[in-house]
Amino acid sequence: MRVEAPKQRGWSQNLLDKAIDFHGHGGPFMVVGLRMGLMALDKLDAHGYFDLSCRARLHWGPPDSCVIDGIQISSGCTMGKHNIEVEDHDGITVEFTKGDRILGISLKPQVLERIHGILALKNEGAIRSMMVELAESSEGDVFNVVLTRAVR
Ligand SMILES: [Zn+2]
């Protein structure tokens, strides 16, 4: 029993709804994780679920680690299949591998700082607008992205 359809590569409200149902709440870090997974599917031309692996380096506790659940939902790399690994680290940097290609995606430090600032306000409206902004911003405004080939 396997899912034959590839993971969807584009942002949708349905994707966000699925992620919120899985995770229990929605926030800016979930949006960041969803976008990282979508970028991996697109830039590595991946089906998702089985042909991708992910190594995430970030502060291994909420709210930052909410990114992990976003990545699992959008990319299909999951803890249970052991194709996502997490390392405790400063910042938020994720590496996706498909075959010999590696996609590195970092959340820009100034964006990470802004998200923490907004979460500290505990204002639901501000959090929602930050989520919309993160979903709609161009990649270059939010992420640093590097595509490389693995050296074997
Ligand atoms: Zn969360």
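Above this text is the structure in question.
So, here is what we can say about the structure in this document.

**Comments concerning the overall build of the chain**
For step 1, the next point in the chain: Helices and strands together make up the secondary structure of the chain, namely six helices and five strands.
For step 2, the next point in the chain: Starting at the N terminus, the α and β elements of the chain follow one another as α-α-β-α-β-β-β-α-α-α-β.
For step 3, the next point in the chain: Along the longest, intermediate and shortest principal axes, the C-alpha atoms of the chain span 45 × 35 × 25 Å.
For step 4, the next point in the chain: Classification of the 152 residues of the chain by burial places 44% in the buried group.
For step 5, the next point in the chain: When contacts within the chain are restricted to residue pairs at least 6 apart in sequence, those whose partners lie at least 24 apart make up 74%.
For step 6, the next point in the chain: In the structure as shown, the chain presents an accessible area of about 8100 Å², 52% of it carried by carbon and sulfur atoms.

**Describing the environment of Val146**
For step 1, the next point in the chain: Turning to its location among the elements, Val146 is positioned in strand β5 (residues 143-149).
For step 2, the next point in the chain: For the pair Val146 and Met30, spaced 116 residues apart in sequence, the C-alpha to C-alpha distance is 21 Å.
For step 3, the next point in the chain: With residues near it in sequence (within four places) discarded, Val146 still touches Ile102, Leu103 and Gly104.

**Focus on the coordination of the zinc ion**
For step 1, the next point in the chain: Listed as protein donors to the zinc ion are His23 (NE2), His25 (NE2) and Cys66 (SG); their distances from the metal cover 2.0 to 2.1 Å.
For step 2, the next point in the chain: Along the chain, the residues donating to the zinc ion fall in the pattern H-x1-H-x40-C. Within this pair, whereas His25 is found in the loop between α1 (13-23) and α2 (28-43), its partner Cys66 is found in helix α3 (residues 66-75), the two being separated by 41 residues in sequence.
For step 3, the next point in the chain: For Cys66, a relative accessible area of 10% translates into the label buried.

**Here's the deal with unusual backbone geometry**
For step 1, the next point in the chain: Cis geometry marks the peptide bond from Pro62 to Pro63; its omega dihedral reads 5°.
For step 2, the next point in the chain: Its identity as a non-glycine residue notwithstanding, His82 has a phi of 60°, on the positive side.
For step 3, the next point in the chain: Within the secondary structure, His82 is located in the loop between α3 and β2 (84-88).
For step 4, the next point in the chain: If you check the backbone angles, Lys122 has positive phi at about 55° while not being a glycine.

What counts, and at which threshold
- Residue positions are given per chain, counted from 1 along the sequence in the order it is written.
- In view of the model being predicted, local features appear only for residues whose pLDDT reaches at least 70, and side-chain atom pairs are presented and counted only at 80 or more, with totals across whole chains, interfaces and linings using the full set of residues.
- Excluded from the side-chain calculation are hydrogens and water; included are all heavy atoms of the structure.
- Starting at the N terminus, helices and strands are each numbered in turn, a helix being any DSSP run of H or I of at least four residues and a strand any DSSP run of E of at least two.
- Only protein chains enter the accessibility calculation, which uses a 1.4 Å probe; a residue is then buried when its area is under 20% of its type maximum, exposed when over 50%, and partly exposed in between.
- Contact definition: two residues touch when any of their heavy atoms are within 4.5 Å.
- Using a 1.4 Å probe, accessible areas were evaluated by the Shrake-Rupley method; residue-level cover was limited to the displayed protein chains.
- In this listing, donors mean N, O and S atoms no farther than 2.8 Å from the metal, or 3.2 Å for Na, K and Ca; water is missing from the atoms, so a site can look incomplete.

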